[in-house]
Amino acid sequence: MNLRGGVKLILRVENICKHFGGLKVMDHMSLEVKKGEIVGIMGPNGAGKTTLINIISGFEKADTGEIYLNNERITNMEPHIIAQKGIRRSFQTASNFPEETIAENVRAALICGNYMNKQQEQQKVEEILDEVKMLGLAKKKVCEVPSVCSKLIELCRCLIANPLLVLLDELYAGLTWEESKMVTKLLKEKREKQGISFILIEHRTEILFDAVDRIVVMSQGSKFFEGLPSEVVANESVAKLYWGR
Ligand SMILES: Nc1ncnc2c1ncn2[C@@H]1O[C@H](COP(=O)(O)OP(=O)(O)OP(=O)(O)O)[C@@H](O)[C@H]1O
Ligand SMILES: [Mg+2]
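Predicted, not measured: the structure shown is a model, and the values here were computed from it. Counting from 1, residues in each chain are numbered in the order their sequence is written. All chains are assigned letters beginning at A, and all ligands numbers beginning at 1, according to the order in which they are written. For this predicted model, a pLDDT threshold of at least 70 governs which residues receive local features, and a threshold of 80 or more governs which side-chain atom pairs are given and counted, while totals over whole chains, interfaces and linings are taken from all residues. For the side-chain quantities, the full set of heavy atoms in the structure was used; hydrogens and water were omitted.

Any residue with a heavy atom positioned within 4 Å of a molecule or strand is treated as near that molecule or strand. Of all residues adjacent to ligand 1, which total 14 residues, the nearest are Val25, Gly46, Lys49, Thr50 and Thr51. Within 3.5 Å is the distance limit for a polar contact, defined as a pair of N or O atoms, with the added protein rule that one can donate a hydrogen and the other accept it, and that residues adjacent in sequence qualify only through two side-chain atoms. Threonine 50 has a polar side-chain atom sitting 2.8 Å from an oxygen atom of ligand 1. Method for areas: the Shrake-Rupley scheme with a 1.4 Å probe, in which residue coverage is limited to the protein chains shown. Against a free-state accessible area of 640 Å², the protein chains account for coverage of 62% of ligand 1. Numbering goes from the N terminus for both helices and strands, where a helix is a DSSP run of H or I of at least four residues and a strand is a run of E of at least two. At the level of secondary structure, the elements contributing two or more residues to the shell around ligand 1 comprise strand S3 (23-34) and helix H1 (49-56). The leading source of residues in the shell around ligand 1 is H1, at three residues. Following the grouping adopted for this structure description, the nonpolar residues are Ala, Val, Leu, Ile, Met, Phe, Trp, Tyr, Cys and Pro, the charged ones are Asp, Glu, Lys and Arg, and the polar ones are all others, Gly among them. Of the residues in the shell around ligand 1, the class split is five nonpolar, seven polar and two charged.

Laid out in structure tokens, this is it:
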């Protein structure tokens, strides 16, 4: 069994390297996520945070290195296969079907590998929309609601499919403090009740530190530092890298 300190590892990323032409963007990056753990990733613009998520979710292919989900090798599999295996993700720029309703946009995530009937699907969609306080907007078209709703629709799409691991790339960007608090509360409930693990990328440290168990700081495609939020705050090298002091 794949245990670390008695806790099950859900994700192992080992020594990932990636070039775009002559540009090295991932340089022996490694990362582990335990079952039910919320891991934050921070780092300067261009550090490789989105590329890492793209590689884990199959949207980009690694040059070298390995990725394991629940001990199964998933390196460089196609995105829809990785999604079926239990990794769901949001995108830094949310994309939805603007002419469809919010409910339809969320229901779209149930299409692959779904054995529910229409009524069960609708119930699932309503439950998750209620959890992000958007049930009252279910029948509105996406183009009719504020753009910030797109972020919450993406989150609903990730959560509705009973994932093992959810990768959220700057999900909080554009959310108010109250909306951010609601999202953090929901993520913590999901890990408690369903054992879902999360990787969060976020620049605003006051939000990130409140949401996560552990932080990985990236720089130039590698892990620069790893620790508790309190250890990240206290580390002088991180302060220099991130806040320039
Ligand atoms: N498809 C691509 N082709 C060429 N270069 C790319 C591509 N995608 C990313 N890069 C480069 O890879 C590096 C890492 O980019 P990435 O988007 O992963 O950074 P990031 O840490 O997510 O940054 P940000 O905080 O701005 O979102 C950057 O130098 C970027 O310009
Ligand atoms: Mg990014």
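Split by domain assignment, the chain resolves into domain 1 (3-86 + 163-243) and domain 2 (94-162). Here the C-alpha centre of domain 2 lies 24 Å away from the C-alpha centre of domain 1. Counting residues at the interface gives 19 residues for domain 1 and 13 residues for domain 2. By buried area we mean the combined loss of accessible area, with a 1.4 Å probe, across both parts when two parts are placed together. Roughly 1,400 Å² of surface becomes buried between domain 1 and domain 2 when both sides are summed, with 73% attributable to carbon and sulfur atoms. Residue ranges for the domains trace back to a domain assignment, done automatically or taken from a database. We call two residues contacting when some pair of their heavy atoms lies within 4.5 Å.

What follows deals with the pattern of salt bridges. Any carboxyl oxygen of Asp or Glu that lies within 4 Å of a side-chain nitrogen of Lys or Arg is treated as forming a salt bridge with it. Evaluated as defined, the whole model comprises 19 salt bridges. Two residues, glutamate 154 and arginine 157, come together in a salt bridge whose shortest N-O distance is 3.9 Å. Taken together, the residues span about one helical turn, with glutamate 154 and arginine 157 both in helix H5 (residues 148-159) at a distance of three residues. Note that arginine 204 and glutamate 202 form a salt bridge whose closest N and O atoms lie 3.3 Å from each other. Several salt bridges share partner residues, and in doing so they unite Lys34, Glu37, Arg214, Lys223 and Glu226 into one network.

For sheets, the rule is that strands pair by backbone hydrogen bonds, running either parallel or antiparallel. When DSSP locates at least two bridges between a pair of strands, those strands are taken to pair. Reading across the sheet, the six strands line up as S7-S8-S9-S4-S10-S11 and stay open at both edges, with mixed pairing between neighbours. Strands at the two margins of the open sheet, each flanked by one partner only, are strand S7 (87-89) and strand S11 (222-227). The mean inter-strand angle of the sheet, taken between neighbouring strand axes irrespective of direction, is 20°. Of the pairings in the sheet, the one linking S7 to strand S8 (residues 165-169) comprises three bridges and is parallel in character. From the neighbouring strand, arginine 88 faces S8, where its bridge partner is valine 166. Strands in contact with H1 are strand S4 (38-42), S7, S8, strand S9 (197-201) and strand S10 (214-219); relative to S9, the strand with the most contacts, it is inclined by about 150°. The angle between two axes is taken between their N-to-C directions and runs from 0 to 180 degrees, where each axis is a line fitted to C-alpha atoms and a helix contributes only its stretch in contact.

Let us look at the packing of aromatic side chains. Here is the rule: rings of Phe, Tyr and Trp (six-membered ring for Trp) pair when centre to centre is within 6.5 Å. Planes less than 30 degrees apart are stacked, more than 60 are edge-to-face, and the remainder are tilted. Within this structure, the stated rule accounts for one aromatic pair. With a centroid separation of 5.3 Å and 85° between ring planes, the pair formed by phenylalanine 59 and phenylalanine 91 is classed as edge-to-face. Of this pair, phenylalanine 59 sits in the loop between H1 and strand S5 (64-69) while phenylalanine 91 sits in the loop between S7 and helix H3 (102-107), placing them 32 residues apart in sequence. Only protein chains enter the accessibility calculation, which uses a 1.4 Å probe; a residue is then buried when its area is under 20% of its type maximum, exposed when over 50%, and partly exposed in between. On the basis of relative accessibility, which here comes to 43%, the residue phenylalanine 59 falls in the partly exposed class. Counted as over-ring charges are cases with an Arg CZ or a Lys NZ within 6 Å of the ring centre that also lie within 35 degrees of the ring normal. For the cation-ring pair, arginine 12 lies above tyrosine 68, with the distance from its terminal atom to the ring centre recorded as 4.4 Å. Seen from the ring of phenylalanine 59, arginine 89 lies directly overhead, with NZ or CZ sitting 5.0 Å from the centre.

This part covers the nonpolar core. Generally speaking, a soluble globular protein has its nonpolar side chains buried in company with each other. The definition of a nonpolar core used throughout is a set of buried Ala, Val, Leu, Ile, Met, Phe, Trp, Tyr and Cys residues joined through side-chain atoms within 4.5 Å. Core analysis: the largest hydrophobic core is formed by 45 residues, its most contacted members being Met42, Leu155, Leu168, Val183, Leu187, Phe198 and Leu200. No other element matches H5, which puts seven residues into this core. Mapped onto the domain boundaries, this core takes at least three residues apiece from domain 1 (3-86 + 163-243) and domain 2 (94-162). When near neighbours in sequence (up to four residues on either side) are disregarded, leucine 200 contacts Ile38, Val39, Gly40, Ile41, Leu168, Tyr172, Leu187, Leu208, Ala211 and Val212. In this structure, Ala47, Leu52, Leu165 and Ile201 belong to the second largest nonpolar core, which totals 27 residues.

Protein coordination at the magnesium ion (ligand 2) comes from Thr50 (OG1) and Gln92 (OE1), with a distance range of 2.0 to 2.4 Å. Remark: glutamine 92 occurs in the loop between S7 and H3 and threonine 50 occurs in helix H1; sequence separation between them is 42 residues. With water omitted from the atoms examined, metal sites may look incomplete; donors here are N, O and S atoms no farther than 2.8 Å from the metal, or 3.2 Å in the case of Na, K and Ca.

In this section: empty space enclosed by the protein. Using protein atoms alone on a 1 Å grid, points that fit a 1.4 Å probe yet trap it form a cavity, whereas open point sets bounded by protein on both sides within 12 Å along at least five of seven lines form a pocket; residues with an atom within 4 Å of a point count as lining. Grid points are joined across faces, edges and corners, and a volume is the space filled by probe spheres set on the points. Counted by the stated rule, this structure contains one cavity of 30 Å³ or more. Around the largest cavity, the lining residues are Trp177, Ser180, Lys181, Thr184, Ile207 and Asp210. Breaking the lining of the largest cavity down by element, the ones donating at least two residues are helix H6 (177-194) and helix H7 (205-211). Broken down by element, the residue count for the lining of the largest cavity peaks at four residues, all from H6. The class makeup of the residues in the lining of the largest cavity is two nonpolar, two polar and two charged.

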